[in-house]
Amino acid sequence: MFAAWVVLASLAYAAILFAIAWYGDRRPLYVQQPWLRPVVYSFALAVYCSSWTFYGAVGTAVRSGWGYLPIYLGPLILFLFFWRMIERMALVAQSQNTVSIADFMSRRYGRSQGLASLVALIAVIAGVPYLALQYKAVTLSLNVLTGREIQQGLFGDPALYVAVIMALFSILFGTRQVDATEHRPGLMLAVAFESFIKLWALIAVGVFAFFWAHENDYSVLSATQALAQSMPAGGFLTQTLLAFAAIVCLPRQFHVAVVECGDVTDIRRARWLFGLYLVIISLMVLPIAVVGQQVFADPGGAVEADTYVLALPLSQGQVALALAAYIGGFSAATGMVIVTSVALSTMVSNDLVMPWFLRRGWAHQQGSVSTAVLWVRRIAILLVAAVAYGYYYGSRSDTALAAYGLMAFVAVAQFAPGLIGGLYWQGASRQGVEAGLWVGFIVWIYTLLLPTLSEAGWFGSLWIVQGPLGIAELRPYQLFGLIGWDPLTHGTFWSLLLNVLTFLVVSAWRRPSLGEMLHAEPFLTPYAKRRASASAYKQDDVYVTDLLVLAQRVVGSSKAQRAFVQQAKTMGVELGSDLRADQQWLQFTELLLAAAVGAASARLVLTSALRGSGLEVAAIVSLLDQAGPELRFNREILLATLDNLDQGISVVDSDMRLVAWNQRYQQLFNYPPGMLFVGRHVADLIRFNAQRGKIPYNSPADIEEAIDRRISYMRAGTSHVFQRTMNQNTQVIELRGRPLPGGGYVTSYNDITEFKRVENELLEINETLEQR
């Protein structure tokens, strides 16, 4: 009968949560309340305290005294002393419309799809068994309340139904809209309510334990001092560091703290409110732990320390209090699972599944993809829940599940070098971050994940003791001969050390490209200009002088000035400081830049400076100055290569405008100085040669007809090889034209006059021999 009441209470509580979320989405009143919004945000941050923290903190305190404190101390240090780090992330997230930690890191490092996929993959692998821990905690609490083991096979396992119910609620909470950049006030309100419930539930049990100790003349203070003596020396700093990183690296924490942050000013108040929340939670653990030890000392450990929060009220006949404690633990698990599922499903759809479909033209076949994206996220939530339950069901060892809480922290902590380094170091490159993530993640798998699965019975564990192939230096718990550390500290040390070293070395070796530097600027200077979203420059606000400054940094002052003057003459305008740039000027500048940095980088420079990320022109110029030597070096190599060819080379873009050429091309046609410049239409060059008699034509009409015919061939991408006689039949030039990928045309000009002379002489000799 009591079990039925527990189930009904769980369903009723879940229905209340859904009602709160529904109401919060329909009427987001707290968002407009300056005093209430920081409170909701602070309580939503407390989703960090999952059921593992709610139940496991007491068990950790019983086993290792003050060893439970690092889990609370790390976030407390971050919010009290390093809160501006979160503020910077929130500012960047608002300006860049980021929707997940994978999206955040991808945008920082040149919008790399590969990096986003890697971050999403690591987040899913780290989060799946952590979800299984929540199922375990709820099942354990049900066993304590009912007083018996209620698991009876697969379909009799309550964890299965807990996983299904939480997955359904995650779908209802988080997949009602396709735009992940929109805030979910209902979700935040429901999560804040959950944090409020679990706080008061733990306070109620803690106060009950304190009064029980007072009535039974039991000194909580002296027992607490005794607990401190059992604290292990190792691992305290490691766990504090992991908790410090987890508050921003865990997908659910990043989602609540950064993505759902409506106003960055809330962070300043939340640092105190959330800090107070952590202090209260950590203080309530002590009386429960010390009184639980006293009450359950006689049975000889028959009651697990992780269940003291529930077992203590039950042992004293406080059924209502035990039920309230169960709701608190259920609330902690539900909040964690919902937010984690929403964050992971967004990354799975945006960074793993949809890019694969879009590359294969699936979007064009299906028309609208909004409905498909929602279904991908829903299926992702169900699949993640199924895999998490499979991990839980296959892990019969309680140690495996309990250890994965901190082990998951180590996995997501691999994001920290690239995430934090990207906020403060301009030299961080995409290759460095990706290499560091791969190295750290592989070391984490080898030193922590695989040994844990081995100890759980998934496969043999002899390699842990002897090392793979009997190589003692490769033992996962004593890697490279490092002994004396606990497995968590050992795995954290090696994974993060190798991650950071790889990140630094590869970033120094493979410097960030111009595109990465442009994308990095809003991350490095988020306070320069606060915006709720990335605003676009209006075309009326762009001046030609701004474009000229950009071009001078890339192609050189003299060449840029000459090209802009020529373009102004062509357009019939006067080049002045008050001349506004229209679409023609933008296209001309992009073409000019493309000759030096390529079409992709040229487009990126313009969109970032004038229409895309909202960077000021001065910031772009600064970046171009820093990237100038490398750009000039690459450009000089290309020009030197072209100039050392015997053939003349000319390259035009899809608009038939000149973008590159070499000296041999200029010599063959004897173009005067200034005739060749980036942006010159190829028709002008053909017409110029015809007017000088280098190309024989009978009339001006024939010249224009030949120009149109030649350009039509080039636009159509038709390859051609033909010979042209010039300079009154004294010179023969062979032309070979080839289309370029993505538009454009390259033509090579080879002087074959000597070859034709020898060919004619051989032909004459052959004819003479035949006559003889």
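Reading guide: rules and limits
Residues numbered from 1 in each chain as written. Predicted model: local features only at pLDDT ≥ 70, side-chain atom pairs only at ≥ 80, totals over all residues. Heavy atoms only, no water. Helix = DSSP H or I, 4+ residues; strand = E, 2+ residues; numbered from the N terminus. Contact = heavy atoms within 4.5 Å. Areas by Shrake-Rupley, 256 points an atom, 1.4 Å probe, with all protein chains shown as cover. Core = buried A, V, L, I, M, F, W, Y, C linked by side-chain atoms within 4.5 Å. Buried < 20%, exposed > 50% of the residue type's maximum accessible area, 1.4 Å probe, protein only. Salt bridge = Lys/Arg side-chain N within 4 Å of Asp/Glu carboxyl O. Axes fitted to C-alpha atoms, helices over the stretch in contact; angles between N-to-C directions. Parallel < 35°, antiparallel > 145°, perpendicular 65-115°, else oblique. Nonpolar A, V, L, I, M, F, W, Y, C, P; charged D, E, K, R; others polar. Phe/Tyr/Trp six-rings, centres within 6.5 Å; stacked < 30°, edge-to-face > 60°. Patch = residues over 30% accessible without salt bridge, like charges linked within 9 Å, V, L, I, M, F, W, Y side chains within 5 Å. Pairing = 2+ DSSP bridges. Left-handed = near helix turned anticlockwise from the far one by under 90°.

Once that is clear, we can look at the overall build of the protein chain. Assigned secondary structure in the protein chain consists of 32 helices and five strands. A sequence separation of at least 24 residues applies to 74% of the contacts in the protein chain between residues at least 6 apart. When the accessible surface of the protein chain is summed, it comes to about 33700 Å², and 61% of that surface belongs to carbon and sulfur atoms.

Right, let's talk about the nonpolar core for a bit. Residues Tyr135, Phe409 and Phe415 are the most contacted members of the largest nonpolar core, which totals 166 residues. Of the residues forming this core, the biggest block, 19 residues, is contributed by helix α7 (residues 113-146). In this structure, Trp661, Leu676, Val682 and Tyr745 belong to the second largest nonpolar core, which totals 25 residues.

Here we come to the pattern of salt bridges. Pairs can form between side chains of opposite charge whenever their charged atoms are close. Within the structure shown, the criterion is met by eight salt bridges. The salt bridge partner of Arg84 is Glu87, with a shortest N-O separation of 3.1 Å. Residue Arg84 and its partner Glu87 are both found in helix α5 (residues 83-96); the two are separated by three residues, about one turn of the helix. The buried category is assigned to Glu87, whose relative accessible area is 0%. In this structure, Arg268 and Glu87 form a salt bridge, with 3.1 Å as the shortest nitrogen-oxygen distance. Placement of Arg268 in helix α13 (residues 265-295) and of Glu87 in helix α5 is noted, with a sequence separation of 181 residues between them. One continuous salt-bridge network, built from bridges that share partners, spans Arg37, Asp263 and Asp266.

The next subject is the packing of α5 against helix α19 (residues 416-424). Packing of α5 against α19 brings their axes to within 11 Å, and their N-to-C directions diverge by 80°. Compared by their axis directions, α5 and α19 come out roughly perpendicular. Contact residues: Met85, Arg88 and Met89 in α5; Leu419, Ile420, Leu423 and Tyr424 in α19. For the contact of α5 with α19, a count of residues per class yields six nonpolar, no polar and one charged.

A separate point is the packing of aromatic side chains. The relation between two aromatic rings is expressed through the spacing of the ring centres and the mutual angle of the planes. Evaluated as defined, the whole model comprises 24 aromatic pairs. Both rings, one in Tyr665 and one in Tyr671, keep their centres 5.4 Å apart while their planes meet at 45°; by these two values the pair is tilted. Here Tyr665 and Tyr749 contribute two aromatic rings whose centre-to-centre distance is 5.1 Å and whose plane-to-plane angle is 40°, an arrangement assigned as tilted. With Tyr665 in helix α29 (residues 663-669) and Tyr749 in strand β5 (residues 745-751), the pair connects residues that are 84 residues apart, well separated along the chain. When sorted by exposure, Tyr665 lands in the same class as Tyr749, which is buried.

Once that is clear, we can look at a nonpolar patch on the surface. A grouping of Leu121, Ile125, Leu352, Trp438 and Ile442 is seen on the molecular surface, where their side chains present a nonpolar patch of about 420 Å² in accessible area. Elements supplying a minimum of two residues to the nonpolar patch: α7 and α20 (430-455). Within the secondary structure layout, Leu352 lies in helix α15 (residues 319-359). A residue is classified by how much of its surface remains accessible, and Leu352, at 32% relative accessible area, is partly exposed.

Take the pairing of strand β2 (residues 658-661) next. Pairing between strand β1 (residues 648-652) and β2: three bridges, direction antiparallel. Paired with Val652 across the strands is Leu658, a residue of β2. Linkage of β1 to β2, two consecutive antiparallel strands, is achieved through a turn of five residues, within which Met656 is found at a positive phi near 65°.

Where helix α2 (residues 37-45) meets helix α9 (residues 185-215), the closest approach of the two axes is 7 Å, and the angle between their N-to-C directions is 65°. Relative to α9, the element α2 is oriented roughly perpendicular. Here the hand of the crossing between α2 and α9 comes out left-handed. Across the interface between the two elements, Val40, Tyr41, Phe43 and Ala44 of α2 pack against Met188, Leu189, Val191, Ala192, Ser195, Phe196 and Leu199 of α9. Of the residues in the contact of α2 with α9, the class split is ten nonpolar, one polar and no charged.

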